[in-house]
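# Close look at the chain arrangement
Read off the chains here:
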Amino acid sequence: MSQQGYCAAPPYSQSQPRTGGFPTSFGPPNPSLHYGHYGDPNSSYAVPQPGFLHKSTSCLAGMSKSTVLLGSSAPVGPLPPGTHQLSQTNFQNGPSAAGQPTHRFQGPPPPNNTGPSYPPYSHQSQPAYPNTASTSSTTQLANQLNSMQINSYGPGATLSSHTSSGHPASFQGPQPTLLTQQQMALPPGSQVPPPANNFSGLSAQPSLPTMARQDGIPGSGPPNPNLQQLPGQPPGPGYHPQQANYGPQMAGSQLSYPGAFPGGPAQLSGPQQKKLDPDSIPSPIQVIENDKASRGGQIYATNTRGQVPPLVTTDCVIQDQGHASPRYIRCTTYCFPSSSDMAKQAHIPLAAVIQPFAVVPQNENNKPPNPPAYIFMIDVSYRNINSGLVKLICEELKTLLDKLPREEQEESSAIRVGFVTYNKVLHFFNVKSNLAQPQMMVVSDVREVFVPLLDGFLVNFQESRSVVNNLLDQIPEMFADTNESETIFAPVIQAGMEALKAAECAGKLFIFHSSLPTAEAPGKLRNRDDKKLLNTDKEKTLFQPQVNYYETLARDCVANSCCVNLFLFPNQYVDIASLGLVTMYTGGTLYKYNNFQLNSDSPQFLTDLRKDIEKKTGFDAIMRVRTSTGFRATDFFGAIYMNNTTDVEMAAVDCDKAVTVEFKHDDKLNEDSGALIQCAVLYTSISGQRRLRIHNIGLNCSSQLADVYKTCETDALINFLAKSAFKAILSQPLKTVREILVNQMAHMLACYRKNCASPSAVSQLILPDAMKVLPVYMNSLLKSCVLVGRPEIPTDERAYHRQLVMAMGVADTQLFFYPQLLPIHSLDLKSDAVPAAIRCSEERLSEGGAFILANGLSMFLWLGVSTPPELIQGLFNVPSFAHISTEATLLPDLDNPYSKKVKSIMEHIQSQKPYTMKLMIVKQREQPEMLFHQFLVEDKSIYGGASYVDFLCCVHKEICQLLN
């Protein structure tokens, strides 16, 4: 169930430290607990799993009797006609509210001072941040919240102070511990690697024996001592057939490879490989279309524990009936192994991808808050003035400031706005409503940044409209004659943070920047784009911040609820690994427009800016993930900062940001009660209220591996594996990370074949039905520019993609790693239907066809040399293929069915993604086609990545090695 609490809280102030933390315990479960619904105030229902779903919402000290609205969209009852319920023999519905055992949640162990607290992505050379002192704001709020308890009386709920000494002890947060070197069981003869090579998420396995490899796959060689073995894993590289104990049989995908010989791995080389029909291998498109056909357009009710939701690519209506909507939480499997040994045997990551502020359709419940303050900070150096970028930004802001987000019940926005320009110095502007002209105040001491004014800097736009518009008109003229080309960067963020701190509010910085900050100031950077580091142990330094200052600045921004949004306009190296770090830690968004051209790139930039300003956002957020007894959250991946091992801190969290959480066993899980997960996010709304948003989900548990495999979700698995790998490259060589990825997948599939599939010839590749397209997605991940160190790929581009993926939800990573390819030459102009997608391979294209390809960041329109003239005329208003210009980044607005239908399809694809995709028109057999082919992920990459078929053969060999 997804819930949101609304608590009347005093505004954020300096005398009241930044708030954070959660109650560490919940009161005893109330069997008669009811929750109210929006709509009918008299409707209510008993919540399943009372001990788990018992709502204990707390606010700041001094609150009492504040109504808490609980957001479930429809009362529970008989399912309406057409409701789709997944039938699974081993699943059980969650127990009803009455008469069921209470689920007690594991509390934190006594404090352990032996393990350091650390922020995510820290590299070896950086000191770990200390734990928050006992007088910290987080601790203070935790103490405040611990003294609060909620009493439920049906449709509503009220807050009251705890009247007894001590605290409720039913529901406590997990206390992750760090896995130390001494706790690892290494295989005989292995060297103990340095601690910096440990990374959570990817389970490191011993290297496989030397074997033939295909292009782009980790190379062969002796066992790598840097690959560690986790406790409970077999010391050898594989399993023995005589030890195989085939468990419960279940449907899988079988592929017979020609040329394989009994008793050994498949030997596929030369002409024999060409015999493999591409149509015989699992197709992601077929999987997606099958799920749409069986579950699309239906109602997915969340009343059943452990049921597998429709794929992220399937449109359906989510009916909240007790467990969190899959829009908020998706799991790598919906049935956890009941024991730690089972989990280690399967090698399937147990993880959840949590998107707490995900956008949901109008017909589903959604009430997120809006941000309190925006500061626009514009780089006015020579290049930005000369290119017309500064004038473009100022003109757009005059329109956008009228569209600032507001609370639903308010007529105007409560957001205050402020303006700063900068080059080597900072310029603050006083735009108080009673001024005739805006006033500029220059801060030239960028080593000790201070805010030169309080009154008049952050203003209500409606009240100061004339002064603000006057300023925006003057800024381009003010700096029109500048020759200053050097810029600062870190002091800009420092200034914005200090301004928000002085104004006693949370906020978001919109920074428009274009160059490497080389001016003398804190955070000054040098060009370190050294191609000689590629494929060496030092390559990881290219993804780490160049100087320590940016990590310290990021920590301070989070502490002061300052979110940083960065719009970059580079024409050369700008060190995104350093500049983007503050954006990533604070929950902000990074946008990049290479070699920005006013005419061609303005639509993309302005659309991104508009969407970002209107995003659903919560500020000063702290998230905690709690679990039922027997397992706990151990690692977190996302655009987050962690000052301790339990609280995920975000200066802001918007609808596009997802946090991926990994879980590990502490004890055996109970199959009857299942595995229960709760995500609670405490945040500040636009009006200064502290609110609590809660998502609960219950998963099944089983002692049968077959149950675990058949409830896996490949899209969530890839999200987890990508984030854990992209985190790992900060401390591990890329070659090692790629080897671990392939190794872990091979172990997952070998365990399935050994324990869940019927005995079959070694020439057959057996894949679990729920994971049959895992290899093609894994191959796409391995071929991503982040994991492929080639001199042709700019370092900034790799760092940019890495930071974007770390914050993505499941739907965004699915499209990013396996793009959507749509044939538009066969459009049915009389129907609203979108043409079915085809597989991402060049052999699926045709000279007489036209195709749209999109991956969430880029969009292409590919045109074959024999594209029908009527289609060309309809889209471009030109007579033939030769007349098409590839310079345009938008299709012209034409009044004909072809144009309207294609533009509608493009707008639909775009509407579902956070980044505006710039359109590139590609003509067959012309130079830009090379870039387009990089996105055909089933084919061999020009940078050496294997084709899907070759990769399947490689995976098959590895599985055979493990089983033999």
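In what follows, the accompanying structure is described. Position labels on residues start from 1 in each chain and follow its written sequence. The predicted nature of this model means local features are confined to residues of pLDDT at least 70 and side-chain atom pairs, given and counted, to a pLDDT of 80 or more, with totals for whole chains, interfaces and linings taken over all residues. By convention in this description, side-chain values take in all heavy atoms of the structure and omit both hydrogens and water.

Axis lines are fitted to C-alpha atoms, over the contacting stretch for helices. Their N-to-C directions set the angle, which ranges from 0 to 180 degrees. Helix and strand definitions follow DSSP, with helices as H or I runs of at least four residues and strands as E runs of at least two, each counted in order from the N terminus. Where helix α19 (residues 869-876) contacts helix α20 (residues 897-911), the two axes come as close as 7 Å, and the packing angle between them is 70°. What the angle tells us is that α19 and α20 run roughly perpendicular. Along its contact with α19, which presents Glu870, Leu871, Gly874 and Leu875, the element α20 presents Tyr898, Ser899 and Val902. The residue classification treats Ala, Val, Leu, Ile, Met, Phe, Trp, Tyr, Cys and Pro as nonpolar and Asp, Glu, Lys and Arg as charged. All others, Gly included, are polar. Of the residues contributing to the contact of α19 with α20, the split by class is four nonpolar, two polar and one charged. Oblique is the label for any angle not under 35 degrees, not over 145, and not in the 65 to 115 range, which are roughly parallel, roughly antiparallel and roughly perpendicular in turn. We call two residues in contact when some of their heavy atoms are within 4.5 Å.

All right, on to the side chain of threonine 487 then. Structurally, threonine 487 is set in the loop between α8 (465-478) and α9 (490-502). Pairs of N or O atoms within 3.5 Å make up the polar contacts considered here, provided that, within protein, one atom can donate a hydrogen while the other can accept it, and that residues adjacent in sequence are counted only when both atoms are side-chain atoms. A polar atom in the side chain of threonine 487 sits 3.2 Å from the side chain of serine 515. Setting aside its immediate chain neighbours within four residues, threonine 487 contacts Asp379, Ser381, Asn423, His513, Ser515, Leu516, Pro517, Thr518 and Ala519.

This part covers helix α15 (residues 734-755). Expected span, for any helix, means 1.5 Å times one less than how many residues it has. A rise of 1.5 Å per residue sets the reference length of α15, with its 22 residues, at 32 Å; its end C-alpha atoms lie 32 Å apart and thus fit the reference within 8%. Burial classification: accessible surface area is computed with a 1.4 Å probe over protein chains only, and a residue below 20% of its type maximum counts as buried, one above 50% as exposed, and the rest as partly exposed. Counting buried residues along α15, 21 of its 22 residues qualify, which places the element largely inside the surrounding structure.

Between any two strands, pairing holds if DSSP finds at least two bridges. Across the sheet, which stays open at both edges, the four strands sit in the order β28-β29-β30-β31 with mixed pairing between neighbours. A single partner strand is all that each edge strand has here, and the edge strands are β28 (820-823) and β31 (918-923). The average angle at which neighbouring strand axes cross in this sheet is 20°, direction not considered. Sheet analysis places strand β29 (residues 850-854) next to strand β30 (residues 858-863), joined by five bridges and oriented antiparallel. Residue leucine 853 lies in a different strand from β30, and its bridge partner there is phenylalanine 860.

Topologically, glutamine 439 is positioned in strand β16 (residues 439-443). Residues glutamine 439 and phenylalanine 429, 10 residues apart in the sequence, show an inter-C-alpha distance of 5.5 Å. Dropping the residues within four chain positions of it, glutamine 439 is found in contact with Phe428, Phe429 and Asn430.

The subject of this paragraph is helix α14 (residues 714-728). Given a rise of 1.5 Å per residue, 15 residues ought to cover 21 Å, and the 21 Å separating the end C-alpha atoms of α14 matches this to within 8%. The element α14 is largely enclosed, with a buried count of 15 among its 15 residues.

Mapped onto the elements of the fold, arginine 738 is located in helix α15. Look at arginine 738 and you get buried, because its relative accessible area is 14%. Sequence separation between arginine 738 and valine 788 is 50 residues, and the spatial gap between their C-alpha atoms is 9.3 Å.

Each salt bridge in this description consists of a side-chain nitrogen of Lys or Arg and a carboxyl oxygen of Asp or Glu lying within 4 Å of one another. According to the stated counting rule, one finds 39 salt bridges in the structure shown. Here arginine 447 and glutamate 520 are joined by a salt bridge, their closest N and O atoms 3.7 Å apart. Of this pair, arginine 447 sits in the loop between β16 and β17 (459-460) while glutamate 520 sits in the loop between β18 (507-513) and α10 (549-559), and the two are 73 residues apart along the sequence. With respect to class, arginine 447 is no different from glutamate 520; both count as exposed. Across the pair aspartate 620 and arginine 690 runs a salt bridge whose closest N-O atoms are separated by 3.4 Å. Taken as a pair, aspartate 620 in strand β21 (residues 617-627) and arginine 690 in strand β26 (residues 690-702) lie far apart in primary sequence, 70 residues in all. Residue class for arginine 690 comes out buried when judged on its relative accessible area of 2%. By sharing partners, the salt bridges in this structure join Lys508, Asp612, Lys615, Asp654, Asp656 and Lys657 into a single network.

By themselves, these figures tell us nothing about what the structure is for.
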